[in-house]
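So the chains spell out like this:
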Amino acid sequence: MPYREPLLLHTDIEMNKIKLGLPKGSLQEATIQLFARAGFNIYASTRSYFPAIDDPEIDCMLIRAQEMARYVADGVLDAGLTGQDWIAEHAAANGNGAAIEPLADLIYAKQSFGKVRWVLAVPEDSPYRTAKDLEGATIATELVRATQAYFAALGVGVNVEFSWGATEVKPPVLADAIVEVTETGTSLRANRLRIIDTVLESNTQLIANRGSLQDDWKRTKLQNTALLLRAAIEAQGRVGIMLNVKRSDLDGVLALLPALQRPTISPLADGDWVALNTIIEERTVRDLIPRLKAAQAQGIVEYPLNKIVL
């Protein structure tokens, strides 16, 4: 009989996948680094909007942070990372904020691990001192609807214009004032602008489509991912310290250790000694270690932390 290749039967069962949106642009690199600390290695190419990730249950796509909430709300993505500012802007524009559920506050930005501010700024030599002085003025911003809501709450009538970029250079010729995002205020000062109020504060959030969360597998996967990302954020700026100390000197050493919770104390083979393990702020280490040594601590080891699960 002639040879025939075996018939391969393909089933309809496919591996479960999470469609995850990552913010393209200023937050992209910080987000990839955060995922790395959480245990996910992401490989992004400048020629592709679909980064590779070493988790076969996740498909990634790079999306502008400004558009992320829309695609998550519409169910195009199961989840994504974007700022509270753009979530609020999307909800004000589309009225379907209820389709989105925040899973984790992830307080990091492109330059630091902190919140950013959208501030109202005017030229340094401007006569405007408060937001109420801007009655009838033109405000340039990318965050149009949140800015409109801010002035409406104050009862101040202004013309809010969308800015496509380079917003800092527009006053006083193209606008009377701006609402712009800042971490440090350096760019505003460099353009001779003065902050007169904060419109809102924002930080990155992991958000999910409520429909996706109705799927048990997707909900568990997203909750576990959120847990690891929060743990990576908690570990940022902290280190572990291990040391040995005689029981007779223990109280003096403990008095020097501000801990996340209570230090772990373990007996050693020599009953007169104990081992101590704790977590501290990294910025305090250079001052703390000499003081611990002076308090008779020995075998002091500092080690990095990737995650702290609270």
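Relevant structure appears above.
Since the model is a prediction, treat every value here as computed from it, not as a measurement.

Looking at the overall build of the protein chain
Point 1. Of the regular secondary structure elements, the protein chain holds eight helices and 16 strands.
Point 2. Over its C-alpha atoms the protein chain spans a radius of gyration of 26 Å, topping by over 25% the 19 Å that the globule rule assigns to 310 residues.
Point 3. Here the protein chain holds 310 residues, and the buried ones make up 42% of them.
Point 4. Considering only contacts within the protein chain whose residues lie at least 6 apart along the sequence, 70% involve residues at least 24 apart.
Point 5. Taken as a whole, the protein chain presents about 17,300 Å² of accessible surface, with 50% of it coming from carbon and sulfur.
Point 6. Taking the 32 positively charged and 38 negatively charged side chains of the protein chain as two groups, their mean positions are separated by 3 Å.

Considerations on helix H6 (residues 216-235)
Point 1. Across its 20 residues, H6 extends 29 Å between first and last C-alpha, which sits within 8% of the 28 Å expected from 1.5 Å per residue.
Point 2. Among the residues of H6, those classed as buried are Lys221, Leu222, Thr225, Ala226, Leu229, Ala231, Ala232, Ile233 and Ala235.
Point 3. A distance of 2.9 Å separates the backbone nitrogen of Trp217 from a side-chain oxygen at the start of H6, and that oxygen is part of Asp215.
Point 4. Downstream of H6 by one or two residues, Gly237 has phi in the positive range, about 80°.

Thoughts on the sheet that holds strand S15 (residues 273-281)
Point 1. Spatially, S14-S15-S13-S16 is the arrangement adopted by the four strands of the open sheet, whose pairing is antiparallel. In this open sheet, the two edge strands, each paired with only one partner strand, are strand S14 (264-267) and strand S16 (298-304). Looking at each pair of strands side by side, their axes are set apart by 20° on average, direction ignored.
Point 2. Where strand S13 (residues 238-246) lies against S15, nine bridges are found, and the strand directions are antiparallel. Residue pairing across strands places Gly240 opposite Ile279, the latter belonging to S15.

Describing the layout of surface pockets
Point 1. Estimates place the volume of the second largest pocket at around 300 Å³.
Point 2. What lines the second largest pocket is Arg64, Gln66, Glu67, Arg70, Trp86, Glu89, His90, Ala93, Asn94, Glu142, Arg145 and Phe162.
Point 3. Elements with a contribution of two residues or more to the lining of the second largest pocket: helix H2 (65-73) and helix H3 (84-94).
Point 4. When residues in the lining of the second largest pocket are grouped by element, the largest group, five residues, is from H3.
Point 5. A breakdown of the residues in the lining of the second largest pocket according to their chemical character gives three nonpolar, three polar and six charged.

What to know about the packing of aromatic side chains
Point 1. Across all of its chains, the model carries four aromatic pairs by this definition.
Point 2. With a centroid separation of 5.9 Å and 65° between ring planes, the pair formed by Phe35 and Phe40 is classed as edge-to-face.
Point 3. Aromatic side chains Tyr150 and Phe151 sit 5.0 Å apart centroid to centroid with 80° between the ring planes, which places their arrangement in the edge-to-face category. By the burial criterion, Tyr150 is buried, and Phe151 matches it.
Point 4. Cation over ring: Lys24 sits above Tyr49, and NZ or CZ is 5.1 Å from the ring centre.

Rules of the game
- Residues numbered from 1 in each chain as written.
- Predicted model: local features only at pLDDT ≥ 70, side-chain atom pairs only at ≥ 80, totals over all residues.
- Heavy atoms only, no water.
- Helix = DSSP H or I, 4+ residues; strand = E, 2+ residues; numbered from the N terminus.
- Rg over C-alpha atoms; globule rule 2.2 N^0.38 Å.
- Buried < 20%, exposed > 50% of the residue type's maximum accessible area, 1.4 Å probe, protein only.
- Contact = heavy atoms within 4.5 Å.
- Areas by Shrake-Rupley, 256 points an atom, 1.4 Å probe, with all protein chains shown as cover.
- Lys, Arg positive; Asp, Glu negative; His and termini not counted.
- Charge placed at Lys NZ, Arg CZ, Asp CG, Glu CD.
- Expected span 1.5 Å × (residues − 1).
- Polar contact = N/O pair within 3.5 Å; in protein donor to acceptor, adjacent residues only side chain to side chain.
- Pairing = 2+ DSSP bridges.
- Axes fitted to C-alpha atoms, helices over the stretch in contact; angles between N-to-C directions.
- 1 Å grid on protein atoms, 1.4 Å probe; cavity = no way out; pocket = protein on both sides within 12 Å on 5 of 7 lines; lining within 4 Å.
- Points joined across faces, edges and corners; volume = space filled by probe spheres on them.
- Nonpolar A, V, L, I, M, F, W, Y, C, P; charged D, E, K, R; others polar.
- Phe/Tyr/Trp six-rings, centres within 6.5 Å; stacked < 30°, edge-to-face > 60°.
- Lys NZ or Arg CZ within 6 Å of the ring centre and 35° of its normal.

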